[in-house]
Amino acid sequence: MRRSRWARGGRKAALLGSLALLLSGCSASDWERNLRFGFPTGVTKQATRIRVLWTWSGVTALVLGVVVWGLIFWCCLRYRKKSDDLPRQTKYNFTVEAVCFAFPFLVIAGLFYRTVIVEDYVNKVTKNPDVTVQVDAFKWNWQFEYHTVKDASGKAQRKVYPGRTNLTDSSGTVQTRKDAASGCGSAVGATADACGGPNADGQTSGPGPLYLSTVGSQNEIPILVVPVGKSVQVDEHSLDVIHSFWVPDFLFKRDVIPYGTTSTARDNKFEFTATTTGRFVGRCAELCGTYHSQMNFEVRVVPMSTFTAYLTALQKIGPDDPARQSKALAAAKMPAYATTTYPLTTDRNARAASQKQGG
Ligand SMILES: [Cu+2]
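On a predicted model such as this, the values are computed, not experimentally measured, just so you know. (Residues numbered from 1 in each chain as written. Predicted model: local features only at pLDDT ≥ 70, side-chain atom pairs only at ≥ 80, totals over all residues.)

(A) Fine view of the overall build of the protein. Counting its secondary structure elements, the protein contains 6 helices and 13 strands. Looking at the protein as a whole, 26% of its 359 residues qualify as buried. For the protein, contacts bridging at least 24 residues in sequence account for 64% of all contacts bridging at least 6. (Helix = DSSP H or I, 4+ residues; strand = E, 2+ residues; numbered from the N terminus. Buried ≥ 20, exposed ≤ 12 C-beta atoms within 10 Å, placed from the backbone. Contact = placed C-beta atoms within 7 Å.)

(B) Inspection of the sheet that holds strand 12 (residues 278–284) at higher detail. One open sheet accounts for 5 strands, arranged 7-13-12-9-10; its pairing is mixed. Each edge of the open sheet is held by one strand with a lone partner, namely strand 7 (223–227) and strand 10 (252–256). The sheet shows a mean angle of 25° between the axes of neighbouring strands, taken without regard to direction. The pairing of strand 9 (residues 243–247) with strand 10 spans 5 bridges and is antiparallel. Following the sheet pairing, serine 244 is matched in strand 10 by aspartate 255. Each of strand 7 and strand 13 (296–302) touches helix 5 (residues 304–317); the most contacted strand, strand 7, lies at about 135° to it. (Pairing = 2+ DSSP bridges. Axes fitted to C-alpha atoms, helices over the stretch in contact; angles between N-to-C directions.)

(C) View of the packing of helix 3 (residues 45–78) against helix 4 (residues 94–123). At their nearest, the axes of helix 3 and helix 4 sit 9 Å apart, and the two run at 170° to each other. Classified by the angle their axes make, helix 3 and helix 4 are roughly antiparallel. Contacts between helix 3 and helix 4 involve Gln46, Arg49, Ile50, Leu53, Ser57, Thr60 and Leu64 on the former and, on the latter, Val107, Leu111, Arg114, Thr115, Val118, Tyr121 and Val122. Tallied by class, the residues present in the contact of helix 3 with helix 4 amount to 8 nonpolar, 4 polar and 2 charged. (Parallel < 35°, antiparallel > 145°, perpendicular 65-115°, else oblique. Nonpolar A, V, L, I, M, F, W, Y, C, P; charged D, E, K, R; others polar.)

(D) Here's a closer look at the environment of tryptophan 56. Tracing the backbone through its elements, the reader meets tryptophan 56 in helix 3. The spatial distance from the C-alpha of tryptophan 56 to the C-alpha of glutamate 32 is 7.7 Å, given a sequence separation of 24 residues.

(E) Structural view of the environment of glutamate 286. Summarising the element assignment, glutamate 286 is placed in the loop between strand 12 and strand 13. With 32 residues separating them along the chain, glutamate 286 and arginine 254 place their C-alpha atoms 9.5 Å apart.

(F) Region of the structure containing the nonpolar core. Among the nonpolar cores identified, the biggest contains 47 residues, and Val133, Val135, Ile223, Leu224, Val225, Val226 and Tyr310 are the most heavily contacted of them. Broken down by element, this core gets its largest block of residues, 5 residues, from strand 1 (residues 131–138). Taken together, domain 1 (26–79 + 95–124) and domain 2 (131–160 + 212–331) each give at least three residues to this core, which thus spans both. Not counting the four nearest positions on each side in its chain, leucine 224 is found in contact with Val133, Phe144, Phe297 and Val299. (Core = buried A, V, L, I, M, F, W, Y, C linked by C-beta atoms within 7 Å. Domains from an automatic or database assignment.)

(G) View of unusual backbone geometry. For the bond running from lysine 139 to tryptophan 140, omega is 0°, close enough to zero to count as cis. Note that tryptophan 140 resides in the loop between strand 1 and strand 2 (141–150). At phenylalanine 37, a position not held by glycine, the phi torsion is positive, near 55°. Mapped onto the secondary structure, phenylalanine 37 falls in the loop between helix 2 (28–34) and helix 3. For phenylalanine 37, a count of 11 C-beta atoms within 10 Å puts it in the exposed group. Positive phi, close to 60°, is recorded for lysine 333, a residue that is not glycine. Along the chain, lysine 333 turns up in the segment after helix 6 (324–331).

Structure representation (structure tokens):
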């Protein structure tokens, strides 16, 4: 009698639940998005996978929490003291012990398995990404070098200043000189080795092509422009101490480790594919010295045509103009300066107080 009442109640609850789901018109992905428990949405394919893992891990924890609390309360009520008689004593219940061991193990194994799958996806670096950029971190700013962009035929084309060579001496000081005669830097067709650039191991052994680049300054926030929906490979390089490339909206950060100033062979690499256009703030996430907190940058995710226009403008302006970033951004019809963060200012009156004095 009691069992059938429970069964009827359970059926009714399941029916009402599915009806509510049907009437609210929510898909599984809508539910997932609403059940983030405050976690940011993320703007890359990789971030989406991280968020989905987070959501369902949270849901699993909640369901388990409800089960555990339910069992606790059920025990409290069912086995509360009813008389002074000693209750029946039991021990060695193999079934209960086996379930209590196997169930948590299965839950942990499941969470571990899903975590490894997502981690592998986030860490995956493909052989032929759509865009490759080198991110150089140094105390206390960033330089972005655009190395290759895939053309319509799927071939990676190098993005260099034609006729210019990058000379890096043993102290790591970068010099540039005109080198029209060598043909180096004329991009298409010339191999990196022929130009003395990074060889197959990524080792820079001598003068190499001068890639399109922008660098942040005390007055200008460095901006990394990338196309939406394309895989972007980031090669991280540090010129001094450990920094960390962090874009909160990517739900991702990766340390930038110094392995000597000229070698890029062992530098960290990662890939992302942005799914939404927009401007996103980036920060250094590894304490690297006095102005660590000011080591900000901006990532701009734009349509492919805008990205191409930006690189074309950058190439036209040349590497010697310190204002090339803002000029190229303006030429590609984008705001010329960062909008998500601002350069360091030591003037304490530069910004309005957030709270009324004496308030
Ligand atoms: Cu730093």
